[in-house]
Amino acid sequence: MSARRMAAAGLLIVCGCAHEEPARARSVLLVTLDTVRRDALSCYGERADTTPALDRLAREGVVFERAYTTAPITLTAHASLLTGLYPLRHGVRDNGIATLAPAAETLAERARAGGVQTAAFVGAVVLDRVFGLEQGFELYDGPPAQSEVGHPGERPAAEVVDGALAWLARRDRTRPFFLWLHCYDAHHPYAPRTPLAPGASELERYLAEVRELDGEIGRLLDGLRADGTLEETVVAVTADHGEAFGEHQELTHGPFAWNTTLAIPLVVRFPGGARAGERVHELVSLVDLA
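Calculation rules
Residues numbered from 1 in each chain as written. Predicted model: local features only at pLDDT ≥ 70, side-chain atom pairs only at ≥ 80, totals over all residues. Heavy atoms only, no water. Helix = DSSP H or I, 4+ residues; strand = E, 2+ residues; numbered from the N terminus. Contact = heavy atoms within 4.5 Å. Areas by Shrake-Rupley, 256 points an atom, 1.4 Å probe, with all protein chains shown as cover. Phe/Tyr/Trp six-rings, centres within 6.5 Å; stacked < 30°, edge-to-face > 60°. Buried < 20%, exposed > 50% of the residue type's maximum accessible area, 1.4 Å probe, protein only. Polar contact = N/O pair within 3.5 Å; in protein donor to acceptor, adjacent residues only side chain to side chain.

Student: Describe the overall build of the protein, listing the residues and the values that go with them.
Tutor: Scanning the protein for helices and strands turns up nine helices and 11 strands. Long-range contacts, defined here as pairs at least 24 residues apart, represent 68% of the contacts in the protein between residues at least 6 apart. As displayed, the protein offers around 12900 Å² of accessible surface, 54% of which is attributable to carbon and sulfur atoms.

Below is the structure:
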């Protein structure tokens, strides 16, 4: 099925059919995993048991096999994700030196205009509100520039998920929501909490952080399952870009545009188990998700 037909099918699920009683508006949960390459998720078949919580989400949803970012840079990619615009259109071409223009319409602005509750919990100051991504969010929660936990300007996924769960508990349950979580844990330098064998490689340390991150996403999804919210919510999990470990003489990300940093995971779960287990081979981009 083409990406365009996929989007149309999604709209039908959200809106219901003309001859049926109008469906209640769906909520949307968007989770972005900073610096997580596609093959780090075991549901993509190249590794075993790195991401059990996301593997379950993949079984319950649709896995996009050929999803790509617009740029291997955090702020640039998120600007594309939230607007549906390529970098040449939105103008945010690097971290920390440009802001998203107020004229750019974000997903949160569209949602809020329709009466949807909007909130964002981000894990690093690279996505601080000063860079313009807060447009449309009633609550935009991020770490301080200096953090006691983790690296400066960063907070762990556990804190991001804690904030999101607290917001979900106090939200207005009569209205749908658009909630965005950004988790920065897998970014270099890799500092997993899980003890590793002496001499563990950078890749092993990175994958350990991905496993820990998966546990926090699982905690969030379990919370949504427990109170029935998951069955009223479209869930999309993706990444802003991948990470290189010496492939093509590149470490981390940013300088080059190889698939090690351009190929990203994308998993979408629809309410009611619609299209569960489907794998889409169509080429898609972060802008298509918007």
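Having seen the structure, we can now continue with the description.
Student: How would you explain the packing of aromatic side chains if you had to name every residue and give the values?
Tutor: Across all of its chains, the model carries eight aromatic pairs by this definition. Where F137 meets Y140, the ring centres are 5.8 Å apart and the plane angle is 55°; that geometry is what we call tilted. For the pair F137 and Y140, a shared accessibility class is recorded, and that class is buried. For the pair Y206 and F245, a centre-to-centre distance of 5.0 Å together with 55° between the ring planes defines the contact as tilted. Taken as a pair, Y206 in helix α7 (residues 202–226) and F245 in strand β7 (residues 244–245) lie far apart in primary sequence, 39 residues in all. An aromatic cluster is defined as three or more aromatic residues linked by ring pairs; in this entry it consists of F137, Y140, F178 and W180.

Student: Let's hear about the side chain of S80: which residues, and what values?
Tutor: When you line up the elements, S80 lands in helix α3 (residues 74–83). Owing to a relative accessible area of 0%, S80 belongs among the buried residues under this scheme. At 2.8 Å, the side chain of S80 forms a polar contact with the backbone oxygen of L85. There is a polar contact of 2.9 Å between the side chain of S80 and the side chain of H90. Apart from residues lying up to four places away in sequence, S80 is in contact with T70, L85, Y86, P87, H90 and V287.

Student: Account for unusual backbone geometry, naming residues and giving values.
Tutor: In this structure, P189 follows H188 across a cis peptide bond, with omega equal to 5°. Residue position: P189 is located in the loop between β5 (177–183) and α7. You will see that H248, though not glycine, has its phi angle at about 60°, which is positive. With respect to the secondary-structure elements, H248 resides in the loop between β7 and β8 (251–252).

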